[in-house]
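# Observations on the three-dimensional arrangement
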Amino acid sequence: MTKPMGAVPAEFGADGSMLLIGGTRADELVRRAGETPLFVYDLGMVDARIDRFRAAFAEVELHYAIKANSYAPLLKHIGSRVDGLDVASAGEMELALASGTPAERISFAGPGKRDSELAAAIAAGVTINCESEGEAERALTIGRQARVRPKLAVRVNPDFEIKGSGMRMGGGAKPFGVDAERVPNLVRRIIDAGADWRGFHIFAGSQALDADSLIEAQRATLELAAALAEDIGAVPPLVNLGGGFGIPYFHGEQPLDVERVGEALGQALKGRHHLLAKSEFAIELGRWLVGEAGVYLTRIVDRKVSHGKTFLVTDGGMHHQLAASGNFGQVIRRNYPAAIASRMSEAPCEEVSIVGCLCTPLDRLADDILAPHADVGDVVAVFLAGAYGLSASPQAFLGHQPAGEITVGGAD
Ligand SMILES: *Cc1c(COP(=O)(O)O)cnc(C)c1O
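Residues numbered from 1 in each chain as written. Predicted model: local features only at pLDDT ≥ 70, side-chain atom pairs only at ≥ 80, totals over all residues. Heavy atoms only, no water.

### Description of the overall build of the chain
Put simply, the rule is: Comment: elements are numbered from the N terminus, with helices defined as DSSP H or I runs of at least four residues and strands as E runs of at least two. Only the C-alpha atoms count toward the radius of gyration. The rule for a globule is 2.2 Å times the residue count to the power 0.38. Only protein chains enter the calculation, and the probe is 1.4 Å; a residue is then buried if its accessible area is under 20% of its type maximum, exposed if over 50%, and partly exposed in between. When checking whether two residues touch, look at their non-hydrogen atoms; a contact exists if any pair is within 4.5 Å.
On a plain count of helices and strands, the chain comes out with 11 helices and 20 strands. Here the C-alpha radius of gyration of the chain, 23 Å, is about what a compact globule of 412 residues would show, namely 22 Å. Counting all 412 residues of the chain, 56% fall into the buried class. A sequence separation of at least 24 residues applies to 73% of the contacts in the chain between residues at least 6 apart.

### Description of the environment of Ala-58
If you trace the backbone, Ala-58 turns up in the loop between helix H2 (43-56) and strand E5 (61-65). A sequence separation of 208 residues divides Ala-58 from Gly-266, and the C-alpha atoms of the two residues are 7.9 Å apart.

### Structural notes on the nonpolar core
In globular proteins that are soluble, nonpolar side chains generally tend to be buried together. How we decide: What makes a nonpolar core is a set of buried Ala, Val, Leu, Ile, Met, Phe, Trp, Tyr and Cys residues whose side-chain atoms join them at distances within 4.5 Å. The source of the domain bounds is an automatic or database domain assignment.
Counting residues in each nonpolar core, the largest one holds 128 residues, and the members touching the most others are Leu-19, Phe-57, Tyr-64, Phe-200, Phe-245 and Leu-297. Each of domain 1 (13-41 + 292-408) and domain 2 (70-285) accounts for three or more of the residues forming this core.

### Observations regarding helix H7 (residues 183-192)
Residues three or four positions apart in an α-helix share a direction because the helix packs 3.6 residues into each turn. Using the following cut-off: Of all possible arcs, the one meant is that of the directions from the helix axis to the C-beta atoms.
Every buried residue belonging to H7 is among Val-183, Pro-184, Leu-186, Val-187 and Ile-190, and all of these are buried. When H7 is viewed along its axis, its buried side chains cluster within an angular range of 165 degrees and face the same direction. Looking at H7, the residues exposed on the side facing more than 90 degrees away from the buried face are Asn-185 and Asp-192. Where the residues of H7 are buried, they touch helix H6 (133-146), strand E9 (151-157), strand E10 (178-179), strand E11 (196-202) and helix H8 (211-232). Directly after H7, the chain includes Gly-194, whose backbone phi takes a positive value near 90 degrees.

### Focus on the pattern of salt bridges
Just so we agree on the cut-off: What makes a salt bridge here is a side-chain nitrogen of Lys or Arg within 4 Å of a carboxyl oxygen of Asp or Glu, nothing more.
Counted according to the given criterion, the structure contains 26 salt bridges. Between Arg-138 and Asp-115 there is a salt bridge, and its shortest N-O distance comes to 2.6 Å. In this pair, Arg-138 is assigned in helix H6 and Asp-115 in helix H5 (residues 115-124), connecting sequence segments 23 residues apart. Judged by its relative accessible area of 31%, Arg-138 falls in the partly exposed class. Using a relative accessible area of 40% as the deciding quantity, one classes Asp-115 as partly exposed. A salt bridge links Arg-182 to Asp-179, with the nearest nitrogen and oxygen atoms 3.9 Å apart. Using a relative accessible area of 40% as the deciding quantity, one classes Arg-182 as partly exposed.

### With respect to unusual backbone geometry
Here Thr-36 and Pro-37 are connected by a cis peptide whose omega angle stands at -5 degrees. Relative to the helices and strands, Pro-37 resides in the loop between helix H1 (26-33) and strand E4 (38-42). Notably, His-307 is not glycine yet its phi reads approximately 45 degrees, a positive angle. For His-307, the location among the structural elements is in the loop between strand E14 (294-306) and strand E15 (309-314). In the Ramachandran plot, Leu-398 falls in the positive-phi region, its phi being about 75 degrees despite a non-glycine side chain. You can see Leu-398 is positioned in the loop between strand E19 (379-383) and strand E20 (404-408).

### Description of the side chain of His-320
Using the following cut-off: Two N or O atoms count as a polar contact when they lie within 3.5 Å, although within protein this holds only if one can serve as hydrogen donor and the other as acceptor, and sequence-adjacent residues are included solely when both atoms are side-chain atoms.
Locating His-320 in the fold gives a position in the loop between E15 and helix H11 (322-325). Of note is the side chain of His-320, whose polar atom sits 3.5 Å from the side chain of His-319. Excluding residues that lie within four positions of it along the chain, His-320 makes contacts with Pro-37, Phe-39, Tyr-296, Gly-389, Leu-390, Ser-393, Gln-395, Gln-401, Pro-402 and Ala-403.

### Let's talk about the site of the ligand
Here is the rule: Nearness of a residue to a molecule or strand requires only that one of the residue's heavy atoms be within 4 Å of it. Using a 1.4 Å probe, accessible areas were evaluated by the Shrake-Rupley method; residue-level cover was limited to the displayed protein chains.
What surrounds the ligand is a group of 11 residues, the closest being Lys-67, Ser-206, Glu-284, Arg-287 and Tyr-388. Ser-206 has a polar side-chain atom sitting 2.6 Å from an oxygen atom of the ligand. With respect to the ligand, the side chain of Arg-287 contributes an N or O atom lying 2.8 Å from an oxygen atom. Computed on the free molecule, the ligand has an accessible area of 390 Å², of which 92% lies beneath the protein chains in the complex.

### Topic: the domain arrangement of the chain
Cut-off, in case you're wondering: Polar here means any residue other than Ala, Val, Leu, Ile, Met, Phe, Trp, Tyr, Cys and Pro, which are nonpolar, and Asp, Glu, Lys and Arg, which are charged; Gly is therefore polar.
One can read the domain layout of the chain as domain 1 (13-41 + 292-408) and domain 2 (70-285). On the side of domain 2, 8 residues touch domain 1, which itself brings 11 residues to the contact. In this assembly, domain 1 and domain 2 are joined by 0 salt bridges. Counting every contact that joins domain 1 to domain 2 gives 1 residue pair in polar contact (both at pLDDT 80 or more). The dominant element in the side of domain 1 that touches domain 2, judged by the number of residues it contributes, is E20, at 3 residues. Its residues assigned to classes, the side of domain 1 that touches domain 2 comprises 5 nonpolar, 3 polar and 3 charged.

See below:
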């Protein structure tokens with residue numbers, strides 16, 4: 001039975017039979033990089049996303065969550081166009097600083113920060129989003145010892161989550177953030193200890209495609225921030241409203257109506273509580289900014305038939321693009337959009353499975369899809385590879401060669 005694929009993002013075209021990425025032929029990009037497997041990131045598409053956000057969310061800061069993709073040239077490009085970078089480890093903090101983004105525009109979230117990581121953030125002047133009372137105490141102690149006033153925000157574990165979001169990060173018992181009812185005491189403690197309290201970080205979920213769910217979550221987030229500020233009796237300098245903007249990976253999924261979310265948030269901000277009148281607001285996004293801008297290119301090295309099923313075996317696989325193999329948070333494997341990059345003008349005529357070169361049945365890039373006839377030497381494109389691709393894949397597994405990365409497009 002043929003299985004459907006997600007839709008190829010509309011930005012991708014073809015020059016005759018060859019896929020175009022950012023206006024450049026895929027075979028030319030492979031030639032530039034030297035080899036497959038290869039990730040290509042179209043900076044023009046990223047820029048268009050940033051512009052679209054700016055138009056829809058006039059008064060809201062845009063932050064980039066760099067764990068989605070921290071490839072240095074991409075990070076440098078994005079860092080100079082957004083208002084802040086959100087990092088989740090000292091390693092990511094180093095990458096963010098090396099990209100040229102000043103420390104005051106970097107915030108550091110994530111559970112399990114070690115003392116050495118807290119010390120590095122405090123010394124650099126990066127804001128720490130405290131995930132627990134214990135972590136906040138350690139940060140205060142480290143700041144005192146270093147004679148540096150730490151910048152501390154509090155990550156709130158809200159009592160709600162984005163309905164229908166792909167990955168739930170708030171609501172109920174969670175390792176992330178401080179339960180909302182305990183936040184006022186912690187903030188008072190941070191202020192009394194003389195630290196620079198930077199505000200709240202409230203992240204309620206990821207991969208939401210439904211505008212109404214996001215609108216509801218953002219309203220609830222604003223209300224929660226207002227209630228906390230009232231209890232504390234202080235104005236939060238920044239309220240990070242989280243993000244959660246999703247992208248359509250699979251057959252039948254519809255893109256998020258970002259303009260509608262922006263419109264509703266604009267309304268909600270107009271009527272916000274007086275204690276939030278002087279606060280800044282931020283939205284932090286990962287996949288929505290970069291996910292669709294990335295393509296994974298891998299070459300067919302074998303074509304074989306087993307029990308009547310045709311397999312196209314590639315030089316890449318789940319060690320580079322775990323998410324497309326279905327092993328990164330999917331319960332039932334579904335196909336990402338894929339194409340034979342060198343046969344874009346040819347009609348689909350056979351059912352094939354595209355697999356990677358790893359010796360495990362988990363290594364599937366596309367299952368039972370309808371594709372044009374492809375041979376050894378043809379290049380396969382797997383789309384939606386710009387976020388949680390290489391950085392979220394087990395590259396060392398089985399010791400194959402690493403994937404290359406390259407950017408294309410984007411005005412400087
Ligand atoms: C991972 C993460 C993000 C980015 O999520 P996307 O779904 O890629 O937009 C943003 N904020 C926090 C706190 C995260 O952990």
